[in-house]
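# Commentary on secondary and tertiary structure
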Amino acid sequence: MAENYVSLTEDDKEKASKLPIMDGTMGPSVVDIRSLYAQTGYFTYDPGFTSTASCSSKITYIDGDNGILLYRGYPIEQLAEKCDFLEVCYLLLNGELPNGAQMKEFVTIISQHVMVHEQLTKFYSGFRRDAHPMAVLVGVVGALSAFYHDVTDVTRPEDRYIAAIRLIAKMPNIVAMCHKYSTGMPFIYPKRKLGYAENFMRMMMGDPYDDYIANPVLIRALDRILILHADHEQNASTSTVRLAGSSGANPYACVAAGIACLWGAAHGGANEAVLNMLEEIGDVTKIPEYVAKAKDKSDPFRLMGFGHRVYKNYDPRAKLMRQTCHEVLDELNLNNDPMFKLAMELERIALEDEYFVERKLYPNVDFYSGIVLRALGIPTEMFTAIFALSRSVGWIAQWDEMISDPELKIGRPRQLYRGVAKRDVQPISSR
Ligand code: ACO
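Here's what I pulled together on the structure shown here. These numbers come from a predicted model, not from an experiment.

### A closer look at the pattern of salt bridges
- By the definition in use, this model includes 17 salt bridges.
- Between R34 and E407 there is a salt bridge; the shortest N-O distance is 3.5 Å. Taken together, the positions of R34 in the loop between β2 (30–31) and α2 (36–40) and E407 in the segment after α18 (383–403) put the pair 373 residues apart, joining distant regions of the chain.
- Classification of R34 by relative accessible area gives exposed; the value is 56%.
- One salt bridge connects R348 with E352, and the closest N-O pair in it is separated by 3.2 Å. Linking R348 with E352, this pair stays in helix α15 (residues 338–352), spanning four residues, or about one helical turn.
- Overall, R348 belongs to the partly exposed group, its relative accessible area being 39%.
- It is possible to trace a salt-bridge network through shared partners that takes in D32, R34 and E407.

This is the structure:
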């Protein structure tokens, strides 16, 4: 908190007013403060980066006030309608949507990398069976760096590309093994001929003694979850990956750092928190009590899955996920399931309640994705791991963009020191 306001001298103001303004393609322009300290002797103070662009990027654009999300310029609504997840991966990595031949080649190269080194499967047995899947995921994805370190020269674009392919291809297998290990079930090997989402569902939900029969509505729902979570510009976990990667570290180690960041309830943990909250509420008759708790300022309880830091009108991903949610509940005849009835009633009440309407607290993407994942039969504790699976492409695309940026510098924020001023060490007898 500012205790006083420093007035810049006329000379400082003159220098500060000469700081260049940089314009993006869309969105607010930025003041380039790189020379501020050299010119004026001041740093800026911006915990939480609420007014600071940490990089320039060509990947994802968000306009929170108008509910706009674009990947490489394409609206998320069109991508969710017209593309599948692997097309979106290609787009995020390469900057353009693939044509037929490019897509065929991309699918082939991904399918060539779906297996993990058999030695990697041994890592799981080092964990307790009841470990949280995100704890296991941080460890196993970090361990990939031990398998590919010597063949990854981050200065070579071809090496970075193959690192991205390996990550995207292996993540479904790695995430599914987290689940299988926790239940004591055997790991299921991927099948090259299956689509990305179907392969993942088979490895998660299938078993070695029966054929896995995929339901296209459910596979499409999962694919949509993957598309909607694939990137979200400089969010906390992506910034973590960039910061870790800015030193030239191994990409899998950087992604493991991103997974650690995503785990927090304020970030990727929200979809899990939604289901835990619904279980806590337990019954439709209890909703008014919990809505009152959410409005009570002396009570820390918040309705999980409502509100968003950036989207203040609506979250475009939530609109798409709501539609998918209803398709899945209809397909599975779950509209009368008590948990789903409870969720739908909570949504109805919150959308009408003055407190939520006034504050623009709409259901966010995680409210609906949590409900969909639950309907797909995925255990709650796996939700954030599935978020990590989708976000891996965003992390690695942003990492690649950063490494190839000629302006790359190691991420090294400054600080406002408020500790004790310089003093002398006294002999122990006189302290
Ligand atoms: N339930 C009840 N009240 C809420 C909620 C909520 N979920 N969210 C915000 N509010 C209230 C606040 O108490 C505050 O009220 P006031 O103005 O009377 O003081 C007002 O709405 C604004 O809240 P802020 O905390 O300033 O909003 P902020 O943008 O900082 O928070 C956040 C956004 C963290 C997402 C918040 O809405 C929240 O905690 N939601 C629940 C958790 C959640 O669903 N997170 C997932 C986000 S989506 C994603 O990560 C993919």
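Next comes the rest of the description.
### Here's the deal with the site of the ligand
- Residues in contact with the ligand amount to 18 residues; listed here are only the nearest, K297, L303, G305, R309 and K312.
- Here a nitrogen atom of the ligand and a side-chain polar atom of Y355 are 3.0 Å apart.
- Contact with the protein chains removes 73% of the 930 Å² of surface that the ligand exposes when unbound.
- Looking at the shell around the ligand residue by residue, the classes come out as seven nonpolar, five polar and six charged.

### Here we look at the sheet that holds strand β3 (residues 60–63)
- If you trace the three strands from one edge of the open sheet to the other, you get β3-β4-β5, paired in antiparallel fashion. At either end of the open sheet lies a strand with only one pairing partner, and these are β3 and β5 (74–75).
- Where β3 lies against strand β4 (residues 68–71), four bridges are found, and the strand directions are antiparallel. Bridging across to β4, I62 finds its partner in L69.

### Here we look at the pairing of β4
- Remark: four residues form the turn of the hairpin made by β3 and β4, two consecutive strands paired antiparallel; G67 in that turn has positive phi of roughly 65°.
- Where β4 lies against β5, two bridges are found, and the strand directions are antiparallel. Across the sheet, residue Y71 finds its bridge partner in β5, namely Y74.
- Between β4 and β5, which follow one another and run antiparallel, lie two residues, and R72 among them has a positive phi close to 50°.

### Re the side chain of D299
- Mapped onto the fold, D299 is located in the loop between α13 (287–295) and α14 (316–331).
- Engagement of the side chain of D299 in a polar contact is seen with the side chain of K293, the distance being 3.2 Å.

### Some remarks on the packing of helix α7 (residues 157–183) against α18
- Look at α7 against α18: their axes get within 9 Å of each other, and the N-to-C directions meet at 175°. In terms of their interaxial angle, α7 and α18 are classed as roughly antiparallel. In contact with R160, A164, L167, I168, M171, P172 and V175 of α7, α18 contributes A385, I386, A388, L389, S392, V393, I396, W399, D400 and I403.
- Here the contact of α7 with α18 is composed, by residue class, of 14 nonpolar, one polar and two charged.

### As for the packing of aromatic side chains
- Tallied over the full model, the rule gives 12 aromatic pairs.
- Ring pairs connect the aromatic residues F306, Y355, F356, F367 and Y368, which therefore count as one cluster.
- We note K319 situated over the ring of Y314; from NZ or CZ to the ring centre the distance is 4.9 Å.
- If you follow R414 out to its NZ or CZ, it ends over the ring of Y37, 6.0 Å from the centre.

### Quick notes on a positive patch on the surface
- Positive charge collects at one region of the surface, where K297, R302, R309 and K312 lie side by side.
- Note on placement: K312 falls in the loop between α13 and α14.
- A relative accessible area of 39% means that K312 is categorised as partly exposed.

### Structural notes on the nonpolar core
- L137 and L346 are the most contacted members of the largest nonpolar core, which totals 119 residues.
- In this structure L137 touches G142, M171, I174, V175, C178, I259, A385 and A388, once residues within four positions along its chain are discounted.

### Things to note about a nonpolar patch on the surface
- Together, I21, V31 and I33 line one region of the surface with nonpolar side chains, adding up to about 260 Å² of accessible area.
- As for its placement among the helices and strands, I21 is situated in strand β1 (residues 21–22).

### Re the environment of Y252
- Its location among the elements puts Y252 in helix α11 (residues 251–262).
- According to the relative accessible area criterion, Y252 is buried, its value standing at 1%.
- Distance in space between the C-alpha atoms of Y252 and T108 is 22 Å, their sequence separation being 144 residues.

### Notes on the packing of α7 against helix α8 (residues 196–205)
- In contact at an axis separation of 8 Å, α7 and α8 are set at 20° when each is read in the N-to-C sense. Overall, the two elements α7 and α8 adopt an arrangement that is roughly parallel. Between α7 and α8 the crossing geometry is right-handed. Side by side, α7 and α8 meet where I168, P172, N173, V175, A176, H179 and K180 of the first sit next to Y196, F200, M203, M204 and M205 of the second.
- Partitioning the contact of α7 with α8 into residue classes produces nine nonpolar, two polar and one charged.

Rules behind the numbers
Residues numbered from 1 in each chain as written. Predicted model: local features only at pLDDT ≥ 70, side-chain atom pairs only at ≥ 80, totals over all residues. Heavy atoms only, no water. Salt bridge = Lys/Arg side-chain N within 4 Å of Asp/Glu carboxyl O. Helix = DSSP H or I, 4+ residues; strand = E, 2+ residues; numbered from the N terminus. Buried < 20%, exposed > 50% of the residue type's maximum accessible area, 1.4 Å probe, protein only. Near = heavy atom within 4 Å. Polar contact = N/O pair within 3.5 Å; in protein donor to acceptor, adjacent residues only side chain to side chain. Areas by Shrake-Rupley, 256 points an atom, 1.4 Å probe, with all protein chains shown as cover. Nonpolar A, V, L, I, M, F, W, Y, C, P; charged D, E, K, R; others polar. Pairing = 2+ DSSP bridges. Axes fitted to C-alpha atoms, helices over the stretch in contact; angles between N-to-C directions. Parallel < 35°, antiparallel > 145°, perpendicular 65-115°, else oblique. Contact = heavy atoms within 4.5 Å. Phe/Tyr/Trp six-rings, centres within 6.5 Å; stacked < 30°, edge-to-face > 60°. Lys NZ or Arg CZ within 6 Å of the ring centre and 35° of its normal. Patch = residues over 30% accessible without salt bridge, like charges linked within 9 Å, V, L, I, M, F, W, Y side chains within 5 Å. Lys, Arg positive; Asp, Glu negative; His and termini not counted. Charge placed at Lys NZ, Arg CZ, Asp CG, Glu CD. Core = buried A, V, L, I, M, F, W, Y, C linked by side-chain atoms within 4.5 Å. Left-handed = near helix turned anticlockwise from the far one by under 90°.

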